[in-house]
Amino acid sequence: MLTKELEQKINEQINMEFVSAYLYLGLAAACEGMNYRGAAQWMRAQAEEEKGHAMRLFEYLIERNAKVELLDIQAPKVSPKSLLDVFQLSLKHEQAVTASIDKLYGLAFEQRSFSTAHELSWFLKEQIEEEKQVRDIVRTIEMLGDDAAALLDLDRELGSRSNGTEQAASE
Ligand SMILES: [Fe+2]
Ligand SMILES: [Fe+2]
């Protein structure tokens, strides 16, 4: 049985994952606006992954006979001006998500809810991967600078990312 506090915090994390999906969708639209079609595709795939994260916790609450409470999904307030902006915003967001998961893990541990801690350990690992992935892209964009041709090559490469459901299914 989960405590009310833990249940509430997991519901808040579900919300944060949906907020993440919405943010990435907003960034996809921004990329389309800047004509980075590949990066837009990458962002769409990321939005799908975030929905998958939310659903993972949603199902966990149901499995534990806890109450799912869906909260308002905040609109993304971002207006990136460049591809670098887009990925820097993503990195900042992922760092905030990591901090949130860390806190939630700490609470689960404190409450000796080991099954929750076990469930969250998947997220701890996922956050390491997501931060690294985005940080690598930020560094690449920084290296390319204003080289438009090179940025378009990178954009094409980003567009080759699959839609994320495949990856989620194989985990
Ligand atoms: Fe996530
Ligand atoms: Fe994420």
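Summary of the structure given here. The shown structure was predicted, so the numbers you read here are calculated from the model rather than taken from an experiment. (Residues numbered from 1 in each chain as written. Chains lettered and ligands numbered in written order. Predicted model: local features only at pLDDT ≥ 70, side-chain atom pairs only at ≥ 80, totals over all residues. Heavy atoms only, no water.)

### Focus on the coordination of the iron ion (ligand 1)
Reference values for coordination geometry: four tetrahedral donors around a metal ideally subtend 109.5 degrees, six octahedral donors ideally subtend 90 or 180 degrees.
Reasoning step 1: Around the iron ion (ligand 1), the protein supplies Glu-17 (OE), Glu-50 (OE) and His-53 (ND1) as donor atoms, at distances of 2.1 Å.
Reasoning step 2: Donor residues for the iron ion (ligand 1) sit on one chain with the sequence pattern E-x32-E-x2-H.
Reasoning step 3: Taken as an interatomic distance, the gap from the iron ion (ligand 1) to the iron ion (ligand 2) is 3.3 Å; Glu-50 donates to each of them. Of this pair, Glu-50 and His-53 are both found in helix α2 (residues 37-63), 3 residues apart, which corresponds to roughly one turn of the helix. (Donors = N, O, S within 2.8 Å, 3.2 Å for Na, K, Ca; no water. Helix = DSSP H or I, 4+ residues; strand = E, 2+ residues; numbered from the N terminus.)

### Topic: the packing of α2 against helix α5 (residues 148-159)
Reasoning step 1: Two elements in contact, α2 and α5, have axes separated by 6 Å at closest approach and are oriented at 30 degrees. The angle between α2 and α5 falls in the class roughly parallel. Both α2 and α5 take part in a crossing whose hand is left-handed. Taking contact as the criterion, the partners of Arg-37, Gly-38, Ala-39, Gln-41 and Trp-42 in α2 are, on α5, Asp-155, Leu-158 and Gly-159.
Reasoning step 2: Its residues assigned to classes, the contact of α2 with α5 comprises 3 nonpolar, 3 polar and 2 charged. (Axes fitted to C-alpha atoms, helices over the stretch in contact; angles between N-to-C directions. Parallel < 35°, antiparallel > 145°, perpendicular 65-115°, else oblique. Left-handed = near helix turned anticlockwise from the far one by under 90°. Contact = heavy atoms within 4.5 Å. Nonpolar A, V, L, I, M, F, W, Y, C, P; charged D, E, K, R; others polar.)

### So, the coordination of the iron ion (ligand 2)
Reasoning step 1: For the iron ion (ligand 2), the protein coordination sphere consists of Glu-50 (OE), Glu-94 (OE), Glu-94 (OE) and Glu-130 (OE), at 1.9 to 2.5 Å.
Reasoning step 2: Classification of the site at the iron ion (ligand 2) as irregular follows from its 4 donor atoms and the range of 54 to 151 degrees in their angles at the metal.
Reasoning step 3: Within one chain, the residues serving as donors to the iron ion (ligand 2) are arranged as E-x43-E-x35-E.
Reasoning step 4: The exposure class assigned to Glu-50 is buried, which follows from its relative accessible area of 1%.
Reasoning step 5: On the accessibility criterion, Glu-130 (2% relative accessible area) is buried. (Tetrahedral: all angles 85-135°; square planar, octahedral: opposite > 155°, others 65-115°. Buried < 20%, exposed > 50% of the residue type's maximum accessible area, 1.4 Å probe, protein only.)

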